[in-house]
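An overview of the molecular structure
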Amino acid sequence: MLPSPLSASHKEHLEAFAALRPSWRVSVVDPLFGGEFSGGDVERAYKTPHPYVRGMKDVLRVVNTYQPKNVLDIGSPLPQNIAVHYFTNLCVLDIRAHPDKSLGLTFLQGTATDIPLPTASQDMVTSCWVICHVGDGRYGDPLKPEGDLRMLEEVHRVLRPGGIFVLGIGPVDDTPYIVFNVHRVYSWAWLCETFELKRFKILEMGEYPVSGDMYLDPGWTSGAFVRATTLKEAYSFVVLEKL
């Protein structure tokens, strides 16, 4: 039985997810998240560097190494995209509208499960801390129980043969589970098997240590939240090649 804050569509979504991935544990936060954390404008000091910073450094390193002629980014942090924009021709896909035209970035509004670009049109795709959310509706995208798998298929489609996918995945643990609607938490075993099935070769893989306080929203009250942290307290990062 799923808890009460869920709408009928949310319950249907999670029941479908559980049927498709019976080995994954399912938890739900109360209250559900909107597009951002609900704790307000609070300055927070974490015990370890935020994965946004570590991920941006690795994305810039890989872009500089491969020198792609064009890059599609899917939903990564804005500072990362501004930096990549100075290296190459960048297009940013996001489910959310970006009305600020002063940044000089090219934006496409759309979903990672149906990328509005031609097949084999991109030298590189980057996406940090997005795939663990795709299909769960937190940022306004349609509910899709296996949105993450559909995103991998779409990235494979738009990459040219041998193209590079720089992917900041999100939290990892020894066994996979979902904390709806915060994020999915993956295991390396599940990820490696899935990348092979979706016809990607792993070129690099690694983890960024993070502190558990990054997963706690200050707006939750004691007794009214699920602690959305991982046991390993790490974020995963890979560089993939399209086969």
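Let's shift gears to the sheet that holds strand β8 (residues 183–185). Strand order across the open sheet formed by three strands is β1-β7-β8, with mixed pairing between neighbours. Single-partner strands in this sheet number two, and they are β1 (25–28) and β8. Mean inter-strand twist for the sheet, computed between neighbouring axes without regard to direction, equals 15°. Examined bridge by bridge, strand β7 (residues 177–180) and β8 share three bridges and lie antiparallel to one another. Each residue of the ladder has a partner; that of Val179, found in β8, is His183. Contacting β1, β7 and β8, helix α1 (residues 8–20) runs over the sheet at an angle of about 175° to β7.

Turning next to the packing of helix α4 (residues 147–158) against helix α5 (residues 188–197). Between α4 and α5, whose axes approach to 11 Å, the crossing angle comes to 40°. Taken together, the axis directions place α4 and α5 in an arrangement best described as oblique. Of the two possible hands of crossing, α4 and α5 adopt the one that is right-handed. Contacts between α4 and α5 involve Asp148, Leu149 and Leu152 from the first element and Trp190, Thr194 and Phe195 from the second. Grouping the amino acids of the contact of α4 with α5 by side-chain chemistry returns four nonpolar, one polar and one charged.

Before going further, it helps to examine the pattern of salt bridges. Following the criterion strictly, the structure yields 12 salt bridges and no others. Salt-bridge contacts for Arg61 lead to Glu204; the nearest nitrogen and oxygen are separated by 2.8 Å. Taken as a pair, Arg61 in helix α2 (residues 51–66) and Glu204 in strand β9 (residues 200–209) lie far apart in primary sequence, 143 residues in all. Judged by relative accessible area, Arg61 falls into the partly exposed class, the value being 35%. Residue Glu154 is joined to Arg150 by a salt bridge in which the shortest nitrogen-to-oxygen separation is 3.5 Å. With a gap of four residues between them, Glu154 and Arg150 both fall in helix α4, about one helical turn apart. Among the residues examined, Glu154 registers a relative accessible area of 4% and is labelled buried. A network of salt bridges, in which partner residues are shared, links Arg21, Asp136, Glu146, Asp148 and Arg184.

What counts as what
Residues numbered from 1 in each chain as written. Predicted model: local features only at pLDDT ≥ 70, side-chain atom pairs only at ≥ 80, totals over all residues. Heavy atoms only, no water. Pairing = 2+ DSSP bridges. Helix = DSSP H or I, 4+ residues; strand = E, 2+ residues; numbered from the N terminus. Axes fitted to C-alpha atoms, helices over the stretch in contact; angles between N-to-C directions. Contact = heavy atoms within 4.5 Å. Parallel < 35°, antiparallel > 145°, perpendicular 65-115°, else oblique. Left-handed = near helix turned anticlockwise from the far one by under 90°. Nonpolar A, V, L, I, M, F, W, Y, C, P; charged D, E, K, R; others polar. Salt bridge = Lys/Arg side-chain N within 4 Å of Asp/Glu carboxyl O. Buried < 20%, exposed > 50% of the residue type's maximum accessible area, 1.4 Å probe, protein only.

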